[in-house]
Amino acid sequence: MAEELSSNYQPNEVEAAWYQRWLDAGCFHADEHSDREAYSIVIPPPNVTGILHLGHVLNNTIQDILARRARMEGKEVLWLPGTDHAGIATQSKVEQKLRKEDKLTRHDLGREKFLEQVWEWKEKHGGIIINQLKRLGCSCDWERERFTMDPEYSKWISKIFVDLFNEGLLYRGKRMVNWCPKSLTALSDEEVIMKPQKSKLYTMRYRIAGEKDRWVEIATTRPETLMGDTGVAVHPDDKRYKDLVGKTVIRPFPEAEIPVVASDHIDPEFGTGVLKVTPAHDKADFDIGVKNGLEIIDVFTPDGKVNGHGGPDLEGLDRFEARRKAAEKLEEMGQLVKEEDYENNVGFSERADVPIEPRISMQWFLKYPCKDEAAEAVAGGDIQFRPERWKKTFAHWMENIQDWCVSRQLWWGHQIPVWYKKDKSEELQNRESLDAESAGADLHVGVDPPEDAENWERDPDVLDTWFSSWLWPFATMSDCDADEKSDTLKKFYPTTDLVTGPDILFFWVARMIMAGYRWEGQLPFKNVFFTSIIRDKQGRKLSKSLGNSPDPLHVMDSLGADAMRFSVMRAAPLGNDVRFIVDKDKDGNESYPQVEEGRNFATKIWNAVRFRQMQGEADAQPGKPAIYAIDILKKLDSLEKNVANAYEDYRFNEIASLLYEFWWNQYCDWFLEAAKQDFAEDADPAAKAATLASMDRVLRRFVILLHPFMPHLTEELWEKCALREEDGAEFLMLTRLPSDSVLDGIESDKIGGAVKAVSDIYEAVGRARNLKAEYNLAANRNVKFILDPEDTDFSEGPVFCRLAGAKELELQPGFEAESGVPVALTPIGKIYMPLEGLIDKDAEKNRLTKEMEKAEAELKKVNAKLSNENFVSRAPEEVVQENKDRQSEWKAKVEELQQMIDNLG
RNA sequence: GCGUGAUUAGCUCAGCGGUAGAGCACCACCUUGACAUGGUGGGGGUCACUGGUUCAAACCCAGUAUCACGCACCA
């Protein structure tokens, strides 16, 4: 075997070096002309100026595992990476910088200059997250990296806009939208999060016009919108107020008579049963307003301050200051009845984290295409969701789907491909609605600007970022104006798997499915794997503001990328959230106990391989494999099968645990220790050669299995141990999974016997170790055991002694020990531990009695089962047999123990 | 209000009809020639609760409680 290994594994250098070698050799590149079966994934594009967090780690590790496993299965793998321009997030970062450094707004710079600055920012920060993904070991085809603002990609956006407009699905209309007063743009419903807020419920009273001193009480949480009230509503069946419908009440300020209307929407039980109607600032109020022909008065400026309608007292005040002020005014007027603490849900802007202001505005809306196909694809199982329960959530959303507000009042993004004739522009843009049918020749909607561009004015708004991401699976693979499909698209679309978080099921997954059907005529992916959400020790989501989000780069630098990958996978069960634990010492240094487990595993593997290296090469023809070797090969065979099964169901945590358990608890704890017997100086060279060969076989196949989880470490060992076969691929990552059984070449009738014999010996070793520990002899390697064997041919004494830490195991059939000699019952026979000065009858009696009690308890349980006639007659035969075997085993044990106790007198 | 999960050892979590498991933490012993990022032995659980189905339930069903999350919302 090849090079010596250093005494400790240093992940950082190894990881960096291997990543570069893979890149240099083009290992990640997908060949669209290959005749291998295609396997493809598109990355959920991260924000171009974002940085890596644990969610990305989880998500991309899974994708990398899938991609690497598929390569090893012999598939042609495309993992297509890229980034997203993230309209609001990126624009606001640049605006923030402008404000801070130059005290300027984007309007001071103008659109063109501002966009130059955003591009600069993107150039500066855009590579960061990509490099972080590389640090993690992601095997993406970087030659195919895409960005949603790439020219070819952008062209796709315009094309689909035009398609949808021509189809009548895209229209411009004056509607109530979710307005973000901080980002100054409309948002889609999905970008609004409801949060419970501690606020106040104000009860105020309005005088009824034309009646003497009659008042009506109204409850509201938003007195600051009072100036926009153009009506008051009650339930039509509410007896208290029935006579008021049709009358008017006096709005306190600015004073005006506003009508009382009836509406089913009103809950008579809530508050006073009377609602103030502000059609410009509430969706429900807007509907009531439209039905009753109420005036719409917008009382806020776009940034959430009171406009001229507020009068001198309120104008210019922020929404929340205005709320207090309005309440004060009512109080002064004697019209505030009471003010109570109240908790209600308020919509917040997901990005800017400020309360949304419902607002009437002119926006572009989309009626979704291919809704039925998308719903059916998931319901019918053409697209598989894992875990499956998300199907229901998806179906529910699809059933209640609302038109999508796609325009954003931003500059960073894809500008809407609509031009208005200059002289008609104002009129067109103010129309209540505008669509393909009503627009006429004064509107140009096209991928290219009109020929006489100077006569036209382009719509200033840009499109929602998700309006570009929903094309990701195909727009990254082809140009929209090509005459025929690209070879990449032909080979790799539809993609195989999509790995993403359930939090973007609506934002992204659902919309991609619709887009896939609309423009490619088929589904965009076959399987969607929804990852866990990573939380902190207290179960909270990770977030910057909580400061509970550890930096994955720091984790990787201290413990290694492979360690983090392995640990995160081991901790993340299918479909459940995962807690990532960060402990801090008193100096504030962070430690990551879960990742340490992965680091320890890497070290364990490294050192076990190092041990193999230290044995050197065989210098004889190998003899027949020892029973220990057969046993470990059998376990490896099961491991390979179990791992393959777990991959079928995407149970990554199970795969990680299987690999861990095999290596640590089977290979290292038992096989490797047993094998040492064959490496002793006086060992038989043929036996040594055979054991070395088995070790190499296990090592080679284990490293192949582990590679997708710990790619760098395994590739390093592959090279250092020269595990590559003569005609094999250049790298482990390009090596095929073996197709032959690891048990090939071993006489199959030997396997069962070897496994049983080894399991008996290991169990006996356990008993012997326990005996030593009970008598405080754990450290004593001079102990001599005497075996009264089950089988007089027993010849595994040397291995037994090595494992049990004993000097000798003497075979004495029918051995009669001096009374009080410690003894253990084992599958290979009775094992005595006669040692001078150790005859302590009471101690031994105690020990045996404790064991006896355990055995009796077990016997009792199994007796109870077997004496139940129903069990014997109705349970499957093999279960009954199993219990009968257990019964006789425990019975024999109890009897023997009893006799041993009796012998002690 | 509707829906979806979770509740198993001190902690983080597997197991999902047939003998309760892992890692960490804990206790004792061990620097023995791969590994102290290690080894050996050990302690620790009425599997949230109440019913039901079954020969058999941590596991299936129904309900309850608590905690999350999603959707819809009462101004």
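Attention now moves to the environment of Val-42. Mapped onto the fold, Val-42 is located in strand S1 (residues 38–42). Remark: the alpha-carbon pair of Val-42 and Asn-430, spanning 388 residues in sequence, is separated by 41 Å. Contact partners of Val-42, with chain neighbours within four places excluded, come to Gln-63, Leu-80, Trp-472, Pro-473, Thr-476, Met-477, Thr-495, Asp-497 and Leu-498.

Right, let's talk about the packing of aromatic side chains for a bit. Tallying each qualifying case throughout the model produces 46 aromatic pairs. Ring geometry for Phe-566 versus Tyr-660: centroids 6.3 Å apart, planes at 25°, classification stacked. Linking Phe-566 in helix H20 (residues 561–571) with Tyr-660 in helix H23 (residues 652–679), this pair joins segments that are 94 residues apart in sequence. Consider the rings of Phe-601 and Tyr-660, whose centres lie 4.9 Å apart with planes at 45°: the pair is tilted. Separated by 59 residues along the polypeptide, Phe-601 in helix H21 (residues 593–614) and Tyr-660 in helix H23 bring together distant segments of the chain. For the pair shown, Phe-601 and Tyr-660 are each scored as buried. Through pairs of rings, three or more aromatic residues link up here, namely Phe-161, Phe-165, Trp-364, Tyr-368, Trp-397, Trp-404, Phe-467, Trp-470, Phe-506 and Trp-519.

For helix H24 (residues 685–706), built from 22 residues, the straight-helix expectation of 32 Å at 1.5 Å per residue is met to within 8% by its first-to-last C-alpha distance of 31 Å. Buried residues dominate H24, accounting for 17 of its 22 residues. One side-chain oxygen of the residue at the start of H24 lies 3.0 Å from the amide nitrogen of Ala-686, identifying that residue as Asp-684.

Bringing the pairing of strand S23 (residues 495–500) into the picture now. The element S23 is extensively covered by neighbouring structure, given that 6 of its 6 residues are classed as buried. For the crossover from S23 across helix H18 (residues 505–520) to strand S24 (residues 525–530), the handedness is right-handed.

Glancing now at the environment of Asp-740. When you line up the elements, Asp-740 lands in the loop between helix H25 (711–720) and helix H26 (748–774). Assessed through its relative accessible area of 38%, Asp-740 is described here as partly exposed. The sequence separation of Asp-740 and Ala-561 amounts to 179 residues, and the corresponding C-alpha distance is 31 Å.

Here the structure, examined in full by the defined rule, presents 0 disulfides. Cys-138 takes part in no disulfide bond, and the closest cysteine sulfur, belonging to Cys-140, lies 5.1 Å away. Relative accessible area serves as the criterion here: at 0%, Cys-140 is assigned to the buried category.

Right, let's talk about helix H1 (residues 11–24) for a bit. The terminal C-alpha atoms of H1, which comprises 14 residues, lie 20 Å apart, in line with the 20 Å expected from a rise of 1.5 Å per residue. Within H1 the residues assigned to the buried category are Pro-11, Val-14, Glu-15, Trp-18, Tyr-19 and Trp-22. Down the axis of H1, the buried set is contained in an arc of 125°. They therefore lie on one face. Facing away from the buried surface of H1 by more than 90 degrees, the exposed residues are Glu-13 and Asp-24. Along its buried surface, H1 packs onto helix H2 (54–72), helix H6 (128–136), helix H19 (552–559), H20 and H25.

A few words on unusual backbone geometry. Working note: non-glycine residues mostly have negative phi, and peptide bonds are mostly trans. Going from Arg-386 to Pro-387, the amide bond is cis rather than trans, its omega being -5°. In this fold, Pro-387 is placed in the loop between strand S15 (384–386) and helix H12 (390–399). The omega torsion of the bond from Tyr-493 to Pro-494 falls at 0°, within 30 degrees of zero and hence cis. Looking at where Pro-494 falls in the secondary structure, it is placed in the loop between helix H17 (487–492) and S23. Even without being glycine, Asp-353 reaches a positive phi, approximately 55°. Take Asp-353: its relative accessible area is 44%, and that puts it in the partly exposed class. Even without being a glycine, Ala-722 presents a positive backbone phi close to 50°. Here Ala-722 is to be found in the loop between H25 and H26.

Further remarks concern the protein's contact with RNA strand B. The full set close to RNA strand B counts 54 residues, and Asn-345, Pro-573, Thr-603, Arg-874 and Arg-886 are the nearest of them. The sugar-phosphate backbone supplies 60% of the atoms of RNA strand B found within 4 Å of the protein. Glu-673 is positioned with one of its side-chain polar atoms (N or O) 3.1 Å from a base nitrogen of RNA strand B. Between RNA strand B and the protein, one listed contact pairs a phosphate oxygen with a side-chain N or O atom of Lys-676 at 3.0 Å. A total of 11 residues in the surface near RNA strand B trace back to one element, the largest contributor, which is H21. Broken down by class, the residue content of the surface near RNA strand B amounts to 21 nonpolar, 15 polar and 18 charged.

Right, let's talk about the side chain of Gln-91 for a bit. Looking at the element boundaries, Gln-91 is found in helix H3 (residues 87–102). In contact with Gln-91, not counting residues within four places along its chain, are Ala-86, Arg-106, Phe-114, Leu-410, Trp-411 and Trp-412.

What the rule picks out here adds up to 61 salt bridges. The partner of Asp-64 in a salt bridge is Arg-68, and the shortest N-O contact between them spans 2.8 Å. One end of the pair is Asp-64 and the other is Arg-68, both in helix H2 and 4 residues apart, which spans about a single turn. You'll find Asp-64 and Arg-68 in the same group, each marked buried.

When pLDDT is averaged across chain A, the result is 89; 99% of the residues are at 70 or more. Confidence, expressed as mean pLDDT per element, reaches its minimum in chain A at helix H14 (residues 436–439) with 75 and its maximum at strand S2 (residues 76–80) with 97.

When a protein is soluble and globular, its nonpolar side chains tend to lie buried together. Counting 196 residues, the largest nonpolar core has Phe-467, Trp-470, Leu-471, Phe-652, Tyr-667, Phe-709 and Phe-800 as the members making the most contacts within it. Non-local contacts of Phe-652, meaning those with residues more than four positions away in its chain, are made with Ile-62, Ile-65, Leu-66, Phe-529, Met-569, Tyr-647 and Phe-709. Ranked by size, the runner-up nonpolar core spans 27 residues in total, among them Val-216, Met-227, Val-306 and Leu-330.

About the criteria used
- Residues numbered from 1 in each chain as written.
- Chains lettered and ligands numbered in written order.
- Predicted model: local features only at pLDDT ≥ 70, side-chain atom pairs only at ≥ 80, totals over all residues.
- Heavy atoms only, no water.
- Helix = DSSP H or I, 4+ residues; strand = E, 2+ residues; numbered from the N terminus.
- Contact = heavy atoms within 4.5 Å.
- Phe/Tyr/Trp six-rings, centres within 6.5 Å; stacked < 30°, edge-to-face > 60°.
- Buried < 20%, exposed > 50% of the residue type's maximum accessible area, 1.4 Å probe, protein only.
- Expected span 1.5 Å × (residues − 1).
- Polar contact = N/O pair within 3.5 Å; in protein donor to acceptor, adjacent residues only side chain to side chain.
- Right-handed = clockwise from strand over helix to strand, strands pointing away.
- Disulfide = S-S within 2.5 Å.
- Arc of directions from axis to C-beta.
- Near = heavy atom within 4 Å.
- Nonpolar A, V, L, I, M, F, W, Y, C, P; charged D, E, K, R; others polar.
- Salt bridge = Lys/Arg side-chain N within 4 Å of Asp/Glu carboxyl O.
- pLDDT = per-residue confidence, 0-100.
- Core = buried A, V, L, I, M, F, W, Y, C linked by side-chain atoms within 4.5 Å.

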